[in-house]
Amino acid sequence: MSETYKGLLAMVAACSIWGLSPIYYKPLSHVPATEVLCHRLLWSLVFFVGILAIQGRLRAIPEALSSPRRVGIIAIASGMISVNWFLFIYATQINRNAETSLGYYMFPLMAVLCGRFVFGEKLGRSQIVAIAMAILAVSILTWALGAVPWISLALAISFAIYGAIKKTLPVGPMVSVTCEVLLFMPIVIAILLSIYTQRPGAFGQSWQDTLLLIFAGPLTGMPLIFFSYAARRISMSTVGVMQYINPTLQFICAFVLFSEPFTSVHAVAFALIWSALIIYSVAAIRQDRAARRSSMAAAGESTTLM
C-alpha cells in the first residue's frame, strides 16, 4: 500500500470521526454542555500526554511553553478551540446540528478571509465569488428565519482564527493541542469542583455516562493523529477537499438521523454554500497543480545549471 493511499485512508478516518461525532454526544444531551466540555478537555489531556509519553516526547511540552509569547499565543488558541468544542456540544444537545454542518462548510471560506486580513494574502476572483456566495447564503437564512445563524458563524470564525493562530506556532499539532488543553486545565478543574460541590455530576452516576465522558478524550485525540498522519502524505488541496466529509456527515446526522427540519430556505442556503465550495475547491486544486509544476520546472532548471 502506497504512502499516498495510507494518507487518504487516514484522512477519511479523521473526517468520518469528526462528522459522526454528533451521534456520540447525543446521548449526553441531559448533561450540561459545560460539564461535557470540561470532561472532554480533561480526558483529552490524559490521552495526549499518554501518547506523547509513549513517543518519548514529553519534553516538547515545556519547550513549547518556553516563552511568554508562545504561552500567550497558545492561550488564545486554547480559548478559540474551547469555544468551538463547546458550541458543537451545545448545538448537538439542542438539535441544531444543521447549523454546525453549515458552520464547518463555511470554515474554509472564513479561513480565506483570515488569510487576506491577517496575513495579507491576495484573493483570486474565484475566492471572491465563493465568499460572496457564502455571505448571500447567511443573509438569506437571517432574513427568512428572522435570526442570524450565530452558531454557524461562531463555529466558522472561531475555527478560522484557531487555524490562523496555529499557523504562527513552530510546534507540532499533537504538542500544540496538548499545551492548549493544559493551559485551560485550571479553569476546567475550577468548573468541575464547582459543579460537584453543588450537586451530583454526571460522572460516576451511571456507567454509560461515565464511559462516554472518559472516551470523549480519545474521540478528540484520534482524528487529530489521523489528520496529522494524512497531512504529511497527501497534498494540501486534497486535504482541503476531503475535509468536506466532516460537515457532510454532520448534515446527514442532522436531517436523516435526528430529523431536524429542512426547509426550502435551508435548501437554498446549503445549495449556495456547496456551489461556493465547488468554486473554491476547483480554484485551490488548480493553484496547487500550478505550484507543483512551477516547483518541478525550477528543480529541472537547477539540475540543468549544475
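As a starting point, this report considers the structure included with it. (Residues numbered from 1 in each chain as written. Predicted model: local features only at pLDDT ≥ 70, side-chain atom pairs only at ≥ 80, totals over all residues. Heavy atoms only, no water.)

### Observations regarding the overall build of the protein
Here is step 1: Within the protein one finds 13 helices and 0 strands.
Here is step 2: Sequence-ordered secondary structure for the protein, helices as α and strands as β, is α-α-α-α-α-α-α-α-α-α-α-α-α.
Here is step 3: Over its C-alpha trace the protein gives a radius of gyration of 21 Å, about what one expects of a compact globule, namely 19 Å for 306 residues.
Here is step 4: A principal-axis box enclosing the C-alpha atoms of the protein has dimensions of 70 × 55 × 40 Å.
Here is step 5: Contacts spanning at least 24 positions in sequence make up 84% of the contacts within the protein whose residues lie at least 6 apart.
Here is step 6: Accessible surface, the protein: about 15200 Å² in total, of which carbon and sulfur atoms supply 69%.
Here is step 7: Between the centroid of the 20 positive side chains of the protein and the centroid of its 10 negative side chains there is a distance of 6 Å. (Helix = DSSP H or I, 4+ residues; strand = E, 2+ residues; numbered from the N terminus. Rg over C-alpha atoms; globule rule 2.2 N^0.38 Å. Contact = heavy atoms within 4.5 Å. Areas by Shrake-Rupley, 256 points an atom, 1.4 Å probe, with all protein chains shown as cover. Lys, Arg positive; Asp, Glu negative; His and termini not counted. Charge placed at Lys NZ, Arg CZ, Asp CG, Glu CD.)

### Here's the deal with the layout of surface pockets
Here is step 1: Counted as a void, the second largest pocket has a volume near 170 Å³.
Here is step 2: If you go around the second largest pocket, the residues you meet are Ile51, Gln55, Arg57, Gly172, Pro173, Met174, Val177, Leu224, Ile225, Ser228, Tyr229 and Arg232.
Here is step 3: Those elements that place two or more of their residues in the lining of the second largest pocket are helix H2 (33-55), helix H8 (173-198) and helix H10 (216-231).
Here is step 4: At 4 residues, H10 tops the list of elements feeding residues into the lining of the second largest pocket. (1 Å grid on protein atoms, 1.4 Å probe; cavity = no way out; pocket = protein on both sides within 12 Å on 5 of 7 lines; lining within 4 Å. Points joined across faces, edges and corners; volume = space filled by probe spheres on them.)

### Considerations on the environment of Ser259
Here is step 1: With respect to the helices and strands, Ser259 occurs in the loop between helix H12 (245-257) and helix H13 (264-305).
Here is step 2: Residue Ser259 is classed as exposed on the basis of its relative accessible area, which comes to 57%.
Here is step 3: With 164 residues separating them in the primary sequence, Ser259 and Asn95 have C-alpha atoms 8.9 Å apart. (Buried < 20%, exposed > 50% of the residue type's maximum accessible area, 1.4 Å probe, protein only.)

### A few points about the packing of helix H4 (residues 68-93) against helix H5 (residues 97-119)
Here is step 1: Orientation of H4 relative to H5, taken along the N-to-C sense of each, is 145 degrees, at an axis distance of 8 Å. Contact residues: Asn84, Phe88, Ala91 and Thr92 in H4; Asn97, Thr100 and Tyr104 in H5.
Here is step 2: When grouped by side-chain class, the residues that make up the contact of H4 with H5 number 3 nonpolar, 4 polar and no charged. (Axes fitted to C-alpha atoms, helices over the stretch in contact; angles between N-to-C directions. Nonpolar A, V, L, I, M, F, W, Y, C, P; charged D, E, K, R; others polar.)

### Focus on the packing of aromatic side chains
Here is step 1: Scanning the entire structure with this criterion turns up 20 aromatic pairs.
Here is step 2: Between Trp18 and Phe227 the ring centres are 5.9 Å apart and the planes differ by 50 degrees, which places this aromatic pair in the tilted class. Here Trp18 is found in helix H1 (residues 3-25), whereas its partner Phe227 is found in helix H10, with 209 residues between them in sequence.
Here is step 3: Since its relative accessible area comes to 23%, Trp18 is described here as partly exposed.
Here is step 4: Among the aromatic residues, ring-to-ring pairing joins Tyr24, Tyr25, Phe88, Tyr104, Phe107, Phe159 and Tyr162 into one connected group.
Here is step 5: Seen from the ring of Trp85, Arg40 lies directly overhead, with NZ or CZ sitting 4.3 Å from the centre. (Phe/Tyr/Trp six-rings, centres within 6.5 Å; stacked < 30°, edge-to-face > 60°. Lys NZ or Arg CZ within 6 Å of the ring centre and 35° of its normal.)

### Observations concerning a nonpolar patch on the surface
Here is step 1: Nonpolar side chains collect at one region of the surface, where Leu20, Ile23, Ile252, Val256 and Leu257 lie side by side and expose about 430 Å² of accessible area between them.
Here is step 2: Every element with two or more residues in the nonpolar patch is listed here: H1 and H12.
Here is step 3: Looking at which element gives the most residues to the nonpolar patch, the answer is H12, with 3 residues.
Here is step 4: As for its position among the elements, Val256 is in helix H12. (Patch = residues over 30% accessible without salt bridge, like charges linked within 9 Å, V, L, I, M, F, W, Y side chains within 5 Å. Salt bridge = Lys/Arg side-chain N within 4 Å of Asp/Glu carboxyl O.)

### Quick look at the nonpolar core
Here is step 1: Tyr25, Leu28, Val36, Leu41, Val175, Val181 and Val188 are the most contacted members of the largest nonpolar core, which has 46 residues in total.
Here is step 2: Of the residues forming this core, the biggest block, 10 residues, is contributed by H2.
Here is step 3: Those residues within four positions of Tyr25 in sequence are excluded, and the remaining contacts are Val36, Arg40, Phe88, Ile89, Thr92, Ala216, Leu219 and Thr220.
Here is step 4: With 30 residues, the next largest nonpolar core counts Tyr105, Met106, Met110 and Ala130 among its residues. (Core = buried A, V, L, I, M, F, W, Y, C linked by side-chain atoms within 4.5 Å.)

### Topic: unusual backbone geometry
Peptide bonds are mostly trans, and most non-glycine residues show a negative phi.
Here is step 1: Its identity is not glycine, yet Asn95 carries a phi of approximately 60 degrees, on the positive side.
Here is step 2: Relative to the helices and strands, Asn95 is located in the loop between H4 and H5.
Here is step 3: In the Ramachandran plot, Ser259 falls in the positive-phi region, its phi being about 55 degrees despite a non-glycine side chain.

### Observations regarding H1
Here is step 1: In this model, H1 (23 residues) spans 33 Å end to end at C-alpha, consistent with the 33 Å of a helix rising 1.5 Å per residue.
Here is step 2: The largest bend in H1 is about 40 degrees, located at Gly19, with the proline Pro22 one to four residues further on.
Here is step 3: For H1, the full list of buried residues reads Gly7, Ala10, Met11, Ala14, Cys15, Gly19, Ser21, Pro22, Tyr24 and Tyr25. (Expected span 1.5 Å × (residues − 1). Bend = angle between axes of the 7 residues up to and from the residue.)

### With respect to helix H7 (residues 150-167)
Here is step 1: An ideal rise of 1.5 Å per residue puts 26 Å on 18 residues; H7 measures up with 25 Å between its terminal C-alpha atoms.
Here is step 2: Within H7, the full set of buried residues consists of Ile151, Ser152, Leu153, Leu155, Ala156, Ser158, Ala160, Tyr162, Ala164 and Ile165.
Here is step 3: Here the buried face of H7 lies against H4, H5, helix H6 (125-145) and H8.

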